[in-house]
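Each chain is listed here by its residues.
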Amino acid sequence: MTWFAAVARLRARREAGVLVTVATVRGHAPRNAGAKLVVGRSETWGSIGGGNVEAVTIDRAREMIAASAAEPELLDFALNDKVTNRHGVQCCGGTVSVLLEPLPVVRAVAIFGVGHVGMELARVLARQDLDLHLIDSRSDILAEERLAVLADAVAGVRVHHTPLLPEEVLDTLPRGTHVLIMTHDHAEDAALCDAALRTPHLGSVGLIGSAAKWGRFRKRLLAEGGHDEAAIDRIKTPIGLADITGKDPATIAVSVAADLLRTFEAEGNEAEELHRDEPVDAGIDENAYGAAQGGFRAADTNVVYVSPHLKTVV
């Protein structure tokens, strides 16, 4: 399997991984610059030359996966018999730099209701590297010609036509999916709110609408749904940025998208804080003396996992 097919497989499986590239070679080395290896939690694809270099790199890549590392790292190896190696001697005589780039599980967003606001929001979010689920009970709303504007999406777009019970899609969404409820029918919105509160694997849940609408929903969720106050507080309404007050669909969509991106950043900051005290060179032997070069990024190496696709799920 080619390395870019391996990256695509990890994305499709929603599994984290690390893309490893031989960045520089000086002198003799097992592989030339540009050689690639993809590391998953339990599998690898490709090779950067085997031996100690590859084994140490795989060890470090899996530590990065376990720590949900977001920043790339650069490891340097001296290939001679004067250094102590964890996985055997490599004495080709040269030096090698290896770049490790995390391939995180992409975020997922589900928009229930692809009317005027939902469609504008889909157009904005389609420019982000995420999995975008579009769900509606109306077949004409999901017509291919209407969604043609998403054909060049960066996001992976998945379309769900659910003529009877849109809430059944909630159970099928990936863990951590952020849900935005904005259908054409308040009864449908209410059923989705109730079902979302019964679906623990979801991320944030947002509902479009007025304070009066939410007041009615809240009473029903308490009295008829049997949810407690803490559970109901999972639902954010109104959605969007409070200081953007425009009511046309495009303005609402930009406001909601900006608020969602702020949520993404907050999640990233929480993950960074969680792993702040973990040593970046844990487990790296003396031969890997250049770990975690701050700010080092390779250009254009992530394009392989942002290919757009439009898939209809009935």
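Everything below is about the structure printed above this text.
Conventions and cut-offs
- Numbering of residues begins from 1 in every chain and follows the order in which that chain's sequence is written.
- In keeping with the predicted nature of the model, local features appear solely for residues at pLDDT of at least 70, side-chain atom pairs appear and are counted solely at 80 or more, and the whole-chain, interface and lining totals rest on all residues.
- The side-chain values count all of the structure's non-hydrogen atoms but skip hydrogen atoms and water molecules.
- In summary, the pairing rule links any two rings of Phe, Tyr or Trp, Trp by its six-membered ring, whose centres are within 6.5 Å, and it sorts them by plane angle into stacked for under 30 degrees, edge-to-face for over 60 and tilted for everything else.
- For a Lys NZ or an Arg CZ to count as sitting over a ring, it must be within 6 Å of the ring centre and within 35 degrees of the ring normal.
- Salt bridges are counted wherever a side-chain nitrogen of Lys or Arg sits within 4 Å of a carboxyl oxygen of Asp or Glu.
- Every helix listed is a DSSP run of H or I at least four residues long, and every strand listed is a run of E at least two residues long, numbered separately from the N terminus.
- Three exposure classes are used, based on accessible area relative to the maximum for each residue type with a 1.4 Å probe and protein chains only: buried under 20%, partly exposed in between, and exposed over 50%.
- How far a helix is expected to stretch is found by multiplying one less than its residue total by 1.5 Å.
- A contact between two residues is defined here by any heavy atoms of the two lying within 4.5 Å.
- We call two N or O atoms a polar contact when they sit within 3.5 Å, provided that within protein one can donate a hydrogen and the other can accept it, with sequence-adjacent residues counted only if both atoms are side-chain atoms.

**Student:** In this structure, what is going on with the packing of aromatic side chains? I would like to understand it.
**Tutor:** A ring pair, where both rings are aromatic, is described by two values, the distance of the centres and the angle of the planes. Throughout the structure, instances matching the rule amount to one aromatic pair. The positively charged end of Lys-36 is found above the aromatic ring belonging to Trp-3, 5.0 Å away from the centroid.

**Student:** Teacher, can you tell me more about the pattern of salt bridges here?
**Tutor:** Note that side chains of opposite charge can pair when their charged atoms are close. Scanning the entire structure with this criterion turns up 16 salt bridges. Of the charged contacts, one joins Arg-11 and Asp-131 as a salt bridge, the two residues approaching to 3.2 Å between their closest N and O atoms. Placement of Arg-11 in helix α1 (residues 3-13) and of Asp-131 in strand β7 (residues 131-136) is noted, with a sequence separation of 120 residues between them. Accessibility assignment for this pair places Arg-11 and Asp-131 in one class, buried. In this structure, the salt-bridge partner of Arg-218 is Glu-229, at a minimum N-O distance of 2.4 Å. Of this pair, Arg-218 sits in helix α5 (residues 211-223) while Glu-229 sits in helix α6 (residues 229-232), placing them 11 residues apart in sequence. Residue class for Arg-218 comes out partly exposed when judged on its relative accessible area of 21%. Exposure remark for Glu-229: the relative accessible area of 41% places this residue in the partly exposed category. Salt bridges linked by common partners bring Arg-11, Arg-14, Asp-129, Asp-131 and Arg-158 together as one network.

**Student:** How do you make sense of helix α4 (residues 186-197) when you look at a structure like this?
**Tutor:** Note that an α-helix has 3.6 residues per turn; residues three or four places apart therefore point the same way. Helix length check: α4 (12 residues) gives 17 Å between terminal C-alpha atoms against 16 Å at 1.5 Å per residue, within 8%. Residues of α4 that are buried include every one of Glu-188, Asp-189, Ala-190, Leu-192, Cys-193, Ala-195, Ala-196 and Leu-197, and no others. Of the surrounding elements, those touching the buried residues of α4 are β6 (108-112), β9 (178-181), β10 (205-207), α5, α6 and β11 (235-236). Where α4 begins, the side chain of Asp-185 points an oxygen toward the backbone nitrogen of Ala-187, at a separation of 2.9 Å.

**Student:** Hey, could you run me through the environment of Leu-241 in this one?
**Tutor:** Position of Leu-241 among the secondary structure elements: in the loop between β11 and α7 (249-274). On the basis of relative accessible area, Leu-241 is assigned to the buried category, the value being 18%. Apart from residues no more than four positions distant in its own chain, Leu-241 is found in contact with Ser-255, Ala-258, Asp-259 and Arg-262.

**Student:** How do you make sense of the side chain of Arg-11 when you look at a structure like this?
**Tutor:** Judged by its relative accessible area of 16%, Arg-11 falls in the buried class. Within polar-contact distance, the side chain of Arg-11 engages the side chain of Asp-129 at 2.6 Å.

**Student:** Is there a simple way to think about unusual backbone geometry in this case?
**Tutor:** Residues other than glycine predominantly adopt negative phi, and peptide bonds predominantly adopt the trans conformation. With an omega dihedral of -5°, the bond running from Thr-237 to Pro-238 counts as a cis peptide bond. Positive phi values are uncommon outside glycine, yet Arg-14 reaches one of about 55°. Following the sequence through the fold, Arg-14 ends up in the loop between α1 and β1 (17-26). Judged by its relative accessible area of 22%, Arg-14 falls in the partly exposed class. Although it is not a glycine, Ser-68 sits at a positive phi angle of roughly 55°. Along the chain, Ser-68 falls in the loop between α2 (51-66) and β4 (73-78).

Note that all results are geometric; they support no functional claim without further evidence.
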